[in-house]
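Now for the letters of each chain:
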Amino acid sequence: MGLFGFGKKEKDKMKDGLEKTRTGFWGNIMNTLTGSKIDDDLYDELEEQLILADVGGEVAIKLVDKLRDRVNEKGLKTGEQASDELRDLIADEMRPEAEMDLSGTPAVILVIGVNGVGKTTSIAKLADFYTRQGKKVMLAAGDTFRAAASEQLEIWADRAGVPLVKAGEGADPAAVIFDTVKSAIADTAGRLHNKANLMAELSKISRSVKKASPEASLETLLVLDAITGQNAISQAREFCKAANATGIILTKLDGTAKGGCVVAVKQRLGLPVRFIGVGEGIDDLIPFTPEGYVEELLPRQWKH
């Protein structure tokens, strides 16, 4: 493993995938910091730029207030020094309290999300990632409500080279999961009509996991679309509570020049980002590390 907990290949993918973000709104932030003296105008401009970069107003104010305190405490004089502190503050904002729990036998990852966010492709990419880690992976097509959902996942399972358990349209998702808990990354319905249905269905699936294997561990990852940014986070709040999610997969980061929603996810949803999607290839889903992400957002060697 290399810098920031992953290898050079993953670091290069993150760098390439965040090109729009780094040279877009976050490039403006670096220009603001490195091209100005530290004064009230700098803080006002930085807050505005963070909001434009999709960090969100509440988090932007919090970061700027903390930065002001750090600058005063340490007696910093230059924008370059302030940018180093901002990197640390942003990384702290995104840092998870604990790693994913994949210690069970089997380790089950339940993947949830509304239709269109890249849920099925993220599942295939997860399967590929863990296969490359030497894990034995099996997929479960638990989205039995959406027409052709199983067929779509089957195509991706073939690309990832992993087996798939599926049932007919309208089958009981919990039964599919039960049958697959040998070692499964499970795809659930992207569209459940209300919170009560969602709670009931996911609770049933969770019980099925434990019933099939009392030693199983269970992580529930919610897929969000980075392009829709703060709107996705707002819409996900109730979904997260209902689904008892434990982490986030943030897709399509290569398609946005903002990328700041990553910073706000943990503060607004109370959940850490676990993986980010930085391209369309099957190996373009990479583990998220706050330090690695910040280094790509706000590179230390910056040219105007």
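In what follows, the structure referred to is the one given above.
For the structure given in this document, a descriptive report is provided here. (Residues numbered from 1 in each chain as written. Predicted model: local features only at pLDDT ≥ 70, side-chain atom pairs only at ≥ 80, totals over all residues. Heavy atoms only, no water.)

Notes on the overall build of the protein
Phase 1 of the analysis: In terms of helices and strands, the protein carries 13 helices and 8 strands.
Phase 2 of the analysis: The C-alpha atoms of the protein give 20 Å as radius of gyration, which agrees with the globular expectation for 304 residues (19 Å, within 12%).
Phase 3 of the analysis: Considering only C-alpha atoms, the protein reaches an extent of 65 × 40 × 35 Å along its principal axes.
Phase 4 of the analysis: The 304 residues of the protein split such that 54% are buried.
Phase 5 of the analysis: Partitioning the intrachain contacts of the protein with sequence separation of at least 6 by distance along the chain shows that 77% fall at a separation of at least 24.
Phase 6 of the analysis: If you sum the accessible surface of the protein, you get close to 13,600 Å²; carbon and sulfur atoms cover 49% of it.
Phase 7 of the analysis: Positive and negative side-chain charges of the protein, numbering 40 and 46 respectively, have mean locations separated by a distance of 4 Å. (Helix = DSSP H or I, 4+ residues; strand = E, 2+ residues; numbered from the N terminus. Rg over C-alpha atoms; globule rule 2.2 N^0.38 Å. Buried < 20%, exposed > 50% of the residue type's maximum accessible area, 1.4 Å probe, protein only. Contact = heavy atoms within 4.5 Å. Areas by Shrake-Rupley, 256 points an atom, 1.4 Å probe, with all protein chains shown as cover. Lys, Arg positive; Asp, Glu negative; His and termini not counted. Charge placed at Lys NZ, Arg CZ, Asp CG, Glu CD.)

Here we look at the pattern of salt bridges
A side chain with one charge may pair with a side chain of the opposite charge, provided their charged atoms come close.
Phase 1 of the analysis: Inspection of the entire model under this criterion finds 16 salt bridges.
Phase 2 of the analysis: A salt bridge links Asp-40 to Arg-68, with the shortest nitrogen-to-oxygen separation between them at 3.3 Å. You can see Asp-40 sitting in helix α4 (residues 40-52) and its partner Arg-68 sitting in helix α5 (residues 57-74), a full 28 residues away along the chain.
Phase 3 of the analysis: When the shortest N-O distance is used, the salt bridge between Glu-85 and Lys-74 registers 2.9 Å. Of this pair, Glu-85 sits in helix α6 (residues 79-94) while Lys-74 sits in helix α5, and the two are 11 residues apart along the sequence.
Phase 4 of the analysis: Counted as one network, the salt bridges with shared partners bring together Arg-70, Lys-74, Glu-85, Asp-92, Arg-95 and Glu-291. (Salt bridge = Lys/Arg side-chain N within 4 Å of Asp/Glu carboxyl O.)

A word on the pairing of strand β1 (residues 107-112)
Phase 1 of the analysis: Most of β1 sits out of view: 5 of its 6 residues are buried.
Phase 2 of the analysis: Both β1 and strand β5 (residues 217-225) contribute to a ladder of 6 bridges, which runs parallel. Note that in β5 the partner of Val-111 across the bridge is Leu-221. (Pairing = 2+ DSSP bridges.)

Description of unusual backbone geometry
Phase 1 of the analysis: Across the junction of Thr-105 and Pro-106, the peptide omega takes the value 0°, indicating a cis bond.
Phase 2 of the analysis: Note on placement: Pro-106 falls in the loop between α6 and β1.
Phase 3 of the analysis: One non-glycine residue, Asp-54, adopts positive backbone phi at about 80°.
Phase 4 of the analysis: Position of Asp-54 among the secondary structure elements: in the loop between α4 and α5.
Phase 5 of the analysis: A relative accessible area of 12% means that Asp-54 is categorised as buried.
Phase 6 of the analysis: Even without being glycine, Lys-252 reaches a positive phi, approximately 65°.
Phase 7 of the analysis: Looking at the element boundaries, Lys-252 is found in the loop between β6 (247-251) and α12 (261-269).

Things to note about the packing of aromatic side chains
Phase 1 of the analysis: One pass over the structure, following the stated rule, counts 4 aromatic pairs.
Phase 2 of the analysis: Taking 5.0 Å as the distance between ring centres and 75° as the angle between the ring planes, the aromatic pair formed by Phe-129 and Tyr-130 counts as edge-to-face. Here Phe-129 and Tyr-130 have matching classes, each one buried.
Phase 3 of the analysis: Seen in terms of ring centroids, Phe-288 and Tyr-293 are 5.4 Å apart; in terms of plane orientation they differ by 55°. Their pairing is tilted.
Phase 4 of the analysis: On the accessibility criterion, Phe-288 (9% relative accessible area) is buried.
Phase 5 of the analysis: Residue classification places Tyr-293 among the buried residues on the basis of a relative accessible area of 0%.
Phase 6 of the analysis: Chaining the aromatic ring pairs together yields one cluster made of Phe-129, Tyr-130 and Phe-275.
Phase 7 of the analysis: Directly above the aromatic system of Trp-156 lies the positively charged group of Arg-159, at a separation of 4.4 Å from the ring centroid. (Phe/Tyr/Trp six-rings, centres within 6.5 Å; stacked < 30°, edge-to-face > 60°. Lys NZ or Arg CZ within 6 Å of the ring centre and 35° of its normal.)

Some remarks on the environment of Leu-297
Phase 1 of the analysis: You can see Leu-297 is positioned in helix α13 (residues 290-297).
Phase 2 of the analysis: The class of Leu-297 is buried, set by a relative accessible area of 1%.
Phase 3 of the analysis: Those residues within four positions of Leu-297 in sequence are excluded, and the remaining contacts are Thr-21, Arg-22 and Trp-26.

These figures capture arrangement, not role.
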